[in-house]
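These are the residues of each chain, in order.
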2 protein chains.
Amino acid sequence: MTATRRAAGRPPGDSGTREAIGEAARAQFAEHGYHGATIRGIAAAAQVDPALVHHYYGTKEALFAAAMRLPVVPSEVLTAALTAAGTAGGGPDGAAVGPGFGAHLVRTALRLWESDELKETFLGLLRSAVTSEQASVMLREFISDSILGTVARVAGLGRQWSPAEAEYRAAMVATQMLGLALTRLVLGLPAVAGASVDELAATVGPSVERYLGGDIDLPVRMSRSRRR
Amino acid sequence: MTATRRAAGRPPGDSGTREAIGEAARAQFAEHGYHGATIRGIAAAAQVDPALVHHYYGTKEALFAAAMRLPVVPSEVLTAALTAAGTAGGGPDGAAVGPGFGAHLVRTALRLWESDELKETFLGLLRSAVTSEQASVMLREFISDSILGTVARVAGLGRQWSPAEAEYRAAMVATQMLGLALTRLVLGLPAVAGASVDELAATVGPSVERYLGGDIDLPVRMSRSRRR
């Protein structure tokens, strides 16, 4: 309610407004998860108009990225990098994923995770997800919605497979990619930490490609719903 | 030194001795890592004879398992389960790993991790490794020495490949397996957490098998040292 706003309410130009929205977003994402938090709810908590949230941050994902202090919006960087490679949508026989897409995905993710801007934040997210149920829910929902959704879209999984199968395939990619992050960046297993990004991309890429575009054994309920 | 032992020293039958050794082991593993801690050093810290440590716990790994409150000795369970499947050492053309070994490895690990006895301990280890540098070193060394060593031995990697390549292949298996643990047990990604053990084994198994026995792109320094 306007009447309850602090002082005379926040004018759109107020330099503290942007920050107040960020604060409110952090709290709302933590409390309600990535799914549950809404632009409307965050605006209410920050005592501003929802339009102002959109004005300052754009999408819900961009607001989440800002609230988590990520220096980039993951899905944007991912989309740009994967599209630039020219291996998406270029598979033979109408396959959505062309040769080399898996290696490119591994390379893109590792470079992003190991970049100066992102490394500490990424490790912090991973740590909090492993130790706090609340953070785990938030990261799970963010990965499911934003990251896996982006991979599925760029890889064109929806053109080839049912939504359930596309989700399963993208999740399989996550098992491999997050395991790479855990063993390389957190545990530092010598053989993984000692390999170069290109070497890992070459070894692991085909596994990722198999999950995205290859012939894999699926849960029975999905095989029944295949599109091809 | 015997002279410095507490009171008149601990007689072998003392019910507190076993516990004191366990306490000392926990502290020594945490301080020196899995590599650095020695039976001799643990015995000294517990003020007992090293022979008594062997008497109560057997191997260093068994002592570590007890100190970490693991209900089983991982490499023993792993060896028994993998050997029983009859898919180790049964590959065509002299390959060390026969068809189905990957799926069996996935099934074995998931069942172990999700067992009532082990689940909480396993999650606890994973959590502490992600949040504490000390615990991370300990878990890394334990995984490298004991778990990956066991997988490499049972899968007969040494028969086929150089030590460096065997280590790299086993580590690639770890990237996939620990990612499965992270996404299923910690994050609870719906598509991973909702699938059955058998379904995941069928989907992920071939990736694991590829790392263990398949034709993969290796770091150049390893390709040069290949045995075959």
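As the structure is a prediction and not an experimental result, all values here were calculated from the model.

Thresholds, definitions, all that
- Residues numbered from 1 in each chain as written.
- Chains lettered and ligands numbered in written order.
- Predicted model: local features only at pLDDT ≥ 70, side-chain atom pairs only at ≥ 80, totals over all residues.
- Heavy atoms only, no water.
- Helix = DSSP H or I, 4+ residues; strand = E, 2+ residues; numbered from the N terminus.
- Buried < 20%, exposed > 50% of the residue type's maximum accessible area, 1.4 Å probe, protein only.
- Contact = heavy atoms within 4.5 Å.
- Areas by Shrake-Rupley, 256 points an atom, 1.4 Å probe, with all protein chains shown as cover.
- Axes fitted to C-alpha atoms, helices over the stretch in contact; angles between N-to-C directions.
- Parallel < 35°, antiparallel > 145°, perpendicular 65-115°, else oblique.
- Left-handed = near helix turned anticlockwise from the far one by under 90°.
- Salt bridge = Lys/Arg side-chain N within 4 Å of Asp/Glu carboxyl O.
- pLDDT = per-residue confidence, 0-100.
- Least-squares fit on C-alpha atoms with pLDDT ≥ 70 in both.
- Buried area = accessible area lost by both parts, 1.4 Å probe.
- Polar contact = N/O pair within 3.5 Å; in protein donor to acceptor, adjacent residues only side chain to side chain.
- Nonpolar A, V, L, I, M, F, W, Y, C, P; charged D, E, K, R; others polar.
- Expected span 1.5 Å × (residues − 1).
- Bend = angle between axes of the 7 residues up to and from the residue.
- Core = buried A, V, L, I, M, F, W, Y, C linked by side-chain atoms within 4.5 Å.

Asker: How do you make sense of the overall build of chain A when you look at a structure like this?
Answerer: Assigned secondary structure in chain A consists of 13 helices and zero strands. Reading the helices (α) and strands (β) of chain A from amino to carboxyl end gives α-α-α-α-α-α-α-α-α-α-α-α-α. Split into buried and exposed, the 228 residues of chain A put 54% on the buried side. Counting only contacts in chain A whose residues sit at least 6 apart along the sequence, the fraction spanning at least 24 positions is 68%. As displayed, chain A has an accessible area near 9800 Å², and 54% of this comes from carbon and sulfur atoms.

Asker: What am I meant to see in the packing of helix H5 (residues 74-84) of chain A against helix H8 (residues 133-154) of chain A here?
Answerer: Packed helix pairs are characterised by how far apart their axes lie and by the angle those axes make with each other. Residue and element names in this part refer to chain A. The interhelical angle for the contact between H5 and H8, taken along N-to-C directions, is 20°, at an axis separation of 10 Å. With respect to each other, H5 and H8 are oriented roughly parallel. Between H5 and H8 lies a crossing of right-handed hand. Contacts between H5 and H8 pair Pro74, Ser75, Leu78, Thr79, Leu82 and Thr83 from the former with Phe142, Ser146, Ile147, Thr150, Val151, Arg153 and Val154 from the latter.

Asker: Can you help me understand the pattern of salt bridges in this one?
Answerer: Pairs can form between side chains of opposite charge whenever their charged atoms are close. Residues and elements named next belong to chain A. Using the criterion set out here, one finds twelve salt bridges over all chains in the structure. We note a salt bridge from Glu23 to Arg26, for which the minimum N-O separation is 3.1 Å. With Glu23 and Arg26 both in helix H1 (residues 15-36) and three residues apart, this pair spans about one turn of that helix. Residue Glu23 is classed as partly exposed on the basis of its relative accessible area, which comes to 43%.

Asker: Just checking my understanding: could you explain unusual backbone geometry for this structure?
Answerer: For residues that are not glycine, phi is negative in most cases, and the peptide bond is trans in most cases. Look at Arg69 of chain A: it is not a glycine, yet its phi comes out positive at around 60°. Tracing the chain through its elements places Arg69 of chain A in the loop between helix H4 (60-67) and H5.

Asker: Help me understand the confidence of the model for chain A in this model?
Answerer: Low-confidence regions, as indicated by low pLDDT, have predicted coordinates that should not be scrutinised in detail. Residue and element names in this part refer to chain A. Put simply, chain A has an average pLDDT of 85, and 86% of its residues get 70 or more. For residues 1-8, every residue scores under 50 in pLDDT, and the model assigns this stretch five contacts once sequence neighbours within four places are set aside. Scoring of the predicted complex yields 0.85 for pTM and 0.85 for ipTM.

Asker: Mind showing me how you'd approach the relation of the copies chain B and chain A here?
Answerer: Superposition of the two copies of the chain requires a rotation about an axis together with a shift along that axis. Once turned by 180° and shifted 0.0 Å along the axis, chain B lies on chain A with an RMSD of 0.0 Å. Within this description, the copies of the chain are treated as partners about a two-fold rotation axis. Looking at the rotation axis and the C-alpha trace of chain B, the residue lying nearest is Gly179 of chain B, at 1.7 Å. When the interface residues of chain B are mapped onto chain A, 100% of them again lie at the interface, so the same face is used by both copies.

Asker: What should I look at first to understand the interface of chain B and chain A in this one?
Answerer: How big an interface is tends to be stated in terms of accessible area lost as the parts join. Contacts between the two partners involve 46 residues from chain B and, on the opposite side, 46 residues from chain A. Summing both sides of the interface, chain B and chain A together bury roughly 3800 Å²; the carbon and sulfur share of this comes to 64%. Of all residues in chain B, the largest losses of buried area upon contact with chain A belong to Val130, Leu187 and Thr203 of chain B, amounting jointly to 17% of the total for that side. At the junction of chain B and chain A, the tally comes to two salt bridges. For Glu199 of chain B, the salt bridge identified is with Arg221 of chain A, shortest N-O distance 3.1 Å. Inspection of the region where chain B meets chain A yields 22 residue pairs in polar contact (both at pLDDT 80 or more). Considering each element in turn, the side of chain B that touches chain A owes the most residues, 14 residues, to helix H10 (residues 163-187) of chain B.

Asker: Could you clarify how one ought to interpret the environment of Gly194 of chain A in this entry?
Answerer: Note on placement: Gly194 of chain A falls in the loop between helix H11 (190-193) and helix H12 (197-213). Put simply, Gly194 of chain A and Arg184 of chain A are ten residues apart on the chain and 8.4 Å apart in space, counted from C-alpha to C-alpha.

Asker: Please explain the packing of helix H6 (residues 101-113) of chain B against H10 of chain B as it appears in this structure.
Answerer: Residue and element names in this part refer to chain B. Close contact between H6 and H10 brings their axes to 11 Å; oriented N to C, the two are set at 40°. On the basis of the axis angle, H6 is oblique to H10. Judged by the sense of rotation from one axis to the other, the crossing of H6 with H10 is right-handed. Across the interface between the two elements, Leu105, Val106, Ala109, Leu110 and Trp113 of H6 pack against Val173, Met177, Leu180, Ala181, Arg184 and Leu185 of H10. Looking at side-chain class alone, the contact of H6 with H10 contains ten nonpolar, no polar and one charged residues.

Asker: I tried to follow helix H7 (residues 119-131) of chain A on my own but got confused; where do I start?
Answerer: An α-helical segment advances 3.6 residues per turn. Residues three or four places apart therefore align on the same side. Over its 13 residues, H7 of chain A extends 18 Å from the first C-alpha to the last, a length consistent with the 18 Å expected when each residue adds 1.5 Å. Those residues of H7 of chain A lying buried are Thr121, Phe122, Leu123, Leu125, Leu126, Ala129 and Val130 of chain A. Next to the buried residues of H7 of chain A lie helix H6 (101-113), H8 and helix H10 (163-187) of chain A together with helix H7 (119-131) and H10 of chain B.

Asker: Would you take a moment to explain the side chain of Ser146 of chain A for this structure?
Answerer: Structurally, the position occupied by Ser146 of chain A is in helix H8. Here Glu61 of chain A takes part through its side chain, which lies 2.8 Å from a polar atom of the side chain of Ser146 of chain A.

Asker: How should I be thinking about H12 of chain A in this particular structure?
Answerer: All names here are of chain A. Over its 17 residues, H12 extends 22 Å from the first C-alpha to the last, a length consistent with the 24 Å expected when each residue adds 1.5 Å. Where H12 bends most, the angle comes to about 45°, and this point is Val204, followed within four residues by the proline Pro206. Most of H12 sits out of view: twelve of its 17 residues are buried. Listing the buried residues of H12 in full gives Val197, Glu199, Leu200, Ala201, Thr203, Val204, Gly205, Ser207, Val208, Arg210, Tyr211 and Leu212.

Asker: Hey, could you run me through the nonpolar core in this one?
Answerer: Across soluble globular proteins, nonpolar side chains show a tendency to be buried alongside one another. Judged by nonpolar contacts, the single largest core of 162 residues is most densely connected at Phe29 and Leu212 of chain A together with Phe29 of chain B. When near neighbours in sequence (up to four residues on either side) are disregarded, Phe29 of chain A contacts Tyr34, Ala37, Ile42, Lys60, Leu63, Phe64, Ala67 and Met138 of chain A.

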